[in-house]
Amino acid sequence: MNTTENLMGTKKITPLLLSMSIPPMISMMIQALYNIVDSIFVARLSPDALTAVSLAFPMQNLVLALSVGFGIGLNACIARKLGAKNYKAVEQTATHGFLLTALHSILFMLIGIFVTKPFLSIFAQNDQILNMSCSYTYIVIICAFGQLFHLYAEKIFQATGNMITPMFIQGLGAIINIILDPILIFGLFGFPAMGIAGAAIATVTAQIISCGVSFILFFQKKNPVKINFKDFKFSMDIIKSIYTIAIPSSLMIALPSVLVGILNGILIGLSDFGVGVFGIYNKLQTFIVMPAGGVIQGLRPIMSYNYGAKNYNRMRESVKSALTITGIIMFFGTLLFLALPKQIISLFNDDPEILKVGVSALRIISVGFVVSTISIVLCGAFEALGHGMLSLKVSLLKSLLIIPPSAFIFSRFIGLYGVWIAFPLAELIASVAALILYKKFSKEIYPHN
């Protein structure tokens, strides 16, 4: 614990941020493989199967939004209490987090059972796609507890500065998923061919195994954060402190689900291939956004810890370093999507029409990647300091107030190109808004020493 605290409070910021960012970068990219691998194998079944998995994305992202958003709140609260050296409060916060995660798991079981079919019926083009999408979504939502508890443990590890353990656990899960996908989808080695349901079973199996390994390591004596039910009492102050950050963060992460649902409705009316291509893009862009997200995961505990320790100069330096590193990541992402769109799309589907639509989509949308650096980093800083509502405002502006109406209006004049153009436009406006908010609240965030 003392070693971790010394590093968080004294090590040079850029080397510290890199050391705490690279493992979650790798971890988040590995996590992205769950859906990517599913889609690559499912696409070999039929174009309808690929569309069915794409339609499941909003509900899958809802699980991710709650689990990651809650983890962000838990992470920030624990890191701040570590910075203030209040170890009893650390223990109580972790215990609250465990029980609340159990409640979230029950919630998603109910959502999976009662909401899946009515929701997917809104967007499914025909009964075959609806049935395939339901068979996939029922499994991944009802069995979401594996992902929820895994991310609970992961965020606590990260709050203490331990970024390596989550990376290896994510790697284990990805390997299991990659191995099980072809076996369960196509029926290899004596297993029955389960098609799209096999992809879902492979995913949740990998998540549950990862969860089990996480808790084996979590309960080891060397882990500085403990769960203590013996002296536990529900504290509304602790719950409020977690959800004050978690709710805006979850809503911010959930917004893409709402956005995807809206855009799927627009795309279905424009092109038979639009939904499939947009589904492919949503999976591909995670390989650009998630490395940037790794930087933010490294930034949050550093910011939170030094906020608790009242070391404001290190907080400012952390933001500057994160902007530089994230900008480099997004620049290379833009180059990749501009230079090799056809090769990337063909990993999923080499249909000429899919390639035609997909190449233009990747090239146009990627123009906004570098610009998005500002909003990504500043929103992460807001969350780390307990100003989650500022992050939510920026995300609402981008995902609900700019992209949907712009996509709808532009598509009336230039078709699919209008949908894709809405993305870089929204990134520009969101980054300007984030910068204005950051400057406006900088005096509150960084009081004079």
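Residues numbered from 1 in each chain as written. Predicted model: local features only at pLDDT ≥ 70, side-chain atom pairs only at ≥ 80, totals over all residues. Heavy atoms only, no water.

Caption draft 1: Fine view of the overall build of the protein. Scanning the protein for helices and strands turns up 18 helices and 0 strands. For a compact globule of 449 residues, the expected C-alpha radius of gyration is about 22 Å, and the protein comes in at 21 Å, within 12% of that figure. For the protein, the residues scored as buried account for 59% of the 449 residues in total. Of the contacts formed within the protein by residues at least 6 apart in sequence, a portion of 82% connects residues at least 24 apart. Carbon together with sulfur atoms contributes 70% to the accessible area of the protein, which is approximately 18,000 Å² in total. (Helix = DSSP H or I, 4+ residues; strand = E, 2+ residues; numbered from the N terminus. Rg over C-alpha atoms; globule rule 2.2 N^0.38 Å. Buried < 20%, exposed > 50% of the residue type's maximum accessible area, 1.4 Å probe, protein only. Contact = heavy atoms within 4.5 Å. Areas by Shrake-Rupley, 256 points an atom, 1.4 Å probe, with all protein chains shown as cover.)

Caption draft 2: Seen up close, the environment of N264. The topology assignment puts N264 in helix α10 (residues 236–268). As for N264 and V140, which are separated by 124 residues in sequence, their C-alpha atoms are 21 Å apart. Discounting residues that sit within four places of it in the chain, N264 has contacts with L55, F123, V275 and F278.

Caption draft 3: Looking closely at the packing of aromatic side chains. Within this structure, the stated rule accounts for 21 aromatic pairs. Here the aromatic rings of F232 and F234 are separated by 4.9 Å at their centres, their planes lie at 75°, and the arrangement is edge-to-face. Look at F232 and you get buried, because its relative accessible area is 16%. Site record: aromatic cluster; members linked through ring pairs are F98, F149, Y152, F157, F215, F218, F219 and F229. (Phe/Tyr/Trp six-rings, centres within 6.5 Å; stacked < 30°, edge-to-face > 60°.)

Caption draft 4: Expanded view of the environment of I164. Along the chain, the position of I164 falls in helix α8 (residues 164–186). Residue I164 is classed as partly exposed on the basis of its relative accessible area, which comes to 43%. Each C-alpha atom, one on I164 and one on I22, is 9.0 Å from the other, the two residues being 142 residues apart in sequence.

Caption draft 5: Representation of the packing of helix α3 (residues 47–83) against α10. Look at α3 against α10: their axes get within 7 Å of each other, and the N-to-C directions meet at 160°. By the angle between their axes, α3 is roughly antiparallel relative to α10. Seen from above, α3 lies across α10 with right-handed handedness. Here the residues of the contact of α3 with α10 sort into 21 nonpolar, 9 polar and 2 charged. (Axes fitted to C-alpha atoms, helices over the stretch in contact; angles between N-to-C directions. Parallel < 35°, antiparallel > 145°, perpendicular 65-115°, else oblique. Left-handed = near helix turned anticlockwise from the far one by under 90°. Nonpolar A, V, L, I, M, F, W, Y, C, P; charged D, E, K, R; others polar.)

Caption draft 6: Seen up close, the side chain of S318. Its location among the elements puts S318 in helix α13 (residues 312–339). S318 sits in the buried class, given a relative accessible area of 1%. Polar contacts involving the side chain of S318 include one to the main-chain carbonyl oxygen of R314, which spans 2.7 Å. Apart from the residues lying within four places of it in its own chain, the contact partners of S318 are I13, L17, L299, I302 and M303. (Polar contact = N/O pair within 3.5 Å; in protein donor to acceptor, adjacent residues only side chain to side chain.)

Caption draft 7: Structural view of unusual backbone geometry. Not every positive phi belongs to a glycine, and F189 is a case in point at roughly 55°. The topology assignment puts F189 in the loop between α8 and α9 (196–218). For F189, a relative accessible area of 71% corresponds to the exposed category.

Caption draft 8: Representation of the nonpolar core in the model. Membership of the largest hydrophobic core comes to 67 residues, with the highest contact counts inside it found for F108, Y136, L263, F278, L284, F337 and W420. Among the elements that line this core, the one with the most residues is α3, at 10 residues. Residues contacting L263, with those up to four places away along its chain left out, are F278, I403, A407, V419 and F423. By size, the runner-up hydrophobic cluster in this structure holds 33 residues, among which are A65, V68, A159 and I239. (Core = buried A, V, L, I, M, F, W, Y, C linked by side-chain atoms within 4.5 Å.)

Caption draft 9: Representation of the pattern of salt bridges in the model. Tallied over the entire structure, the rule returns 5 salt bridges. Between E91 and K88 there is a salt bridge, with its nearest N and O atoms 3.5 Å apart. You can see E91 and its partner K88 sitting in helix α4 (residues 87–114), 3 residues apart, about one turn around the helix. You can call E91 buried: its relative accessible area is 18%. Judged by its relative accessible area of 45%, K88 falls in the partly exposed class. (Salt bridge = Lys/Arg side-chain N within 4 Å of Asp/Glu carboxyl O.)

Caption draft 10: Local environment of the packing of α10 against helix α11 (residues 274–284). Contact geometry of α10 with α11 gives a least axis separation of 8 Å together with a crossing angle of 150°. Residue-level inspection shows V260, L263, N264, L267 and I268 of α10 in contact with α11, the latter providing G274, V275, F278 and N282. Here the residues of the contact of α10 with α11 sort into 6 nonpolar, 3 polar and no charged.

Caption draft 11: Focus on helix α17 (residues 388–414). Taking 1.5 Å of rise per residue, the 27 residues of α17 would be expected to cover 39 Å, and the 37 Å separating its terminal C-alpha atoms lies within 8% of that figure. Remark: the principal bend of α17, roughly 30°, maps to I403, with a proline, P404, within the next four residues. The first or second residue beyond α17 is G415, which carries a positive phi of 65°. (Expected span 1.5 Å × (residues − 1). Bend = angle between axes of the 7 residues up to and from the residue.)

Caption draft 12: Structural detail: the state of the cysteines. Under the counting rule described, the total for this entry stands at 0 disulfides. Unpaired in terms of disulfides, C134 finds its nearest cysteine sulfur in C143, a separation of 15 Å. Look at C134 and you get buried, because its relative accessible area is 5%. Left unpaired, C379 is separated from the closest cysteine sulfur, that of C77, by 18 Å. (Disulfide = S-S within 2.5 Å.)

Caption draft 13: Structural context of a nonpolar patch on the surface. A contiguous nonpolar surface patch, about 580 Å² in accessible area, is contributed by L103, I106, L110, I113, F114 and V115. Its location among the elements puts L103 in helix α4. (Patch = residues over 30% accessible without salt bridge, like charges linked within 9 Å, V, L, I, M, F, W, Y side chains within 5 Å.)

Caption draft 14: Broad picture of the confidence of the model for the protein. Scored by pLDDT, the protein comes out at a mean of 86, with 95% of its residues at no less than 70. Between the elements of the protein, mean pLDDT differs from a low of 59, seen in helix α1 (residues 2–10), to a high of 94, seen in α4. (pLDDT = per-residue confidence, 0-100.)

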